[in-house]
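Per-entry structural report
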Amino acid sequence: LIAVSSSGVLHAEPAFLTTLKDTYRWPTGTDVEKASCNVCHAGPPKRNDFGKAVEESWANVGGDTVTVAALEAIQNDDTDGDGYTNAEELRQGFLPGDASSTPNGVP
């Protein structure tokens, strides 16, 4: 019984990813969808620049987890320095913590 009940936990999506997906609703099959936990991490538990910004943001809005308010507080930032805001990248399915993952065109 323990093995069966824990198997669902092992495959559960972290609440952060659910909040991120619900907030930005990117297209399927994109970089951000394929990255899963690596949207924020550079191999968990190490965070990339976007992950560090998210963590700082949720601390600043007074929470202990990611919320829509924490994401919105940094959505106009460009945490990977590629010329696109975090929101622009996420909505189009690109990684805001990876400067090599960018929308086509000039920012």
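Below you will find a few notes about this structure.

Quick notes on the rules
- Residues numbered from 1 in each chain as written.
- Predicted model: local features only at pLDDT ≥ 70, side-chain atom pairs only at ≥ 80, totals over all residues.
- Heavy atoms only, no water.
- Salt bridge = Lys/Arg side-chain N within 4 Å of Asp/Glu carboxyl O.
- Buried < 20%, exposed > 50% of the residue type's maximum accessible area, 1.4 Å probe, protein only.
- Helix = DSSP H or I, 4+ residues; strand = E, 2+ residues; numbered from the N terminus.
- Contact = heavy atoms within 4.5 Å.
- Disulfide = S-S within 2.5 Å.
- Arc of directions from axis to C-beta.
- Core = buried A, V, L, I, M, F, W, Y, C linked by side-chain atoms within 4.5 Å.

A complete count under the given rule lists 1 salt bridge for this structure. Linking Arg47 and Glu55 is a salt bridge whose minimum nitrogen-to-oxygen distance equals 3.4 Å. Using a relative accessible area of 26% as the deciding quantity, one classes Arg47 as partly exposed. We classify Glu55 as partly exposed; its relative accessible area is 34%.

With that settled, consider the environment of Val54. With respect to the element layout, Val54 can be found in helix α4 (residues 49-60). Overall, Val54 belongs to the buried group, its relative accessible area being 2%. Sequence spacing of Val54 and Leu71 is 17 residues, and the spatial spacing of their C-alpha atoms is 6.6 Å. Once you skip the residues sitting within four places of it in the chain, Val54 turns out to touch Phe16, Cys40, Val66, Leu71 and Ile74.

Taken as a whole and assessed by the stated rule, the structure comprises 0 disulfides. Free cysteine: Cys37, not disulfide-bonded; nearest cysteine sulfur from Cys40 at 8.8 Å. Given a relative accessible area of 6%, Cys40 falls into the buried group.

Next up on the list: helix α2 (residues 15-24). Phe16, Leu17, Thr19, Leu20 and Tyr24 are the residues of α2 that are buried. The buried side chains of α2 occupy one side of the element, clustering within an arc of 160 degrees when seen end-on. Here the buried face of α2 lies against α4, α5 (68-73) and α6 (86-92). Trailing α2 by a residue or two, Arg25 shows a phi angle of about 40 degrees, which is positive.

In this section: the nonpolar core. If you look at the biggest cluster of nonpolar residues, it comprises 20 residues, and the most contacted ones within it are Phe16, Leu20, Val39, Phe50, Val54 and Leu90. Sorting the residues of this core by element identifies α2, α3 (31-35), α4, α5 and α6 as the ones contributing at least two each. Setting aside its immediate chain neighbours within four residues, Val39 contacts Leu20, Val32, Asn48, Phe50, Leu90, Leu95 and Pro96.

Below, the discussion takes up the environment of Glu72. Locating Glu72 in the fold gives a position in helix α5. Given the relative accessible area of 44%, Glu72 is considered partly exposed. Residues Glu72 and Ser57, 15 residues apart in the sequence, show an inter-C-alpha distance of 9.1 Å.

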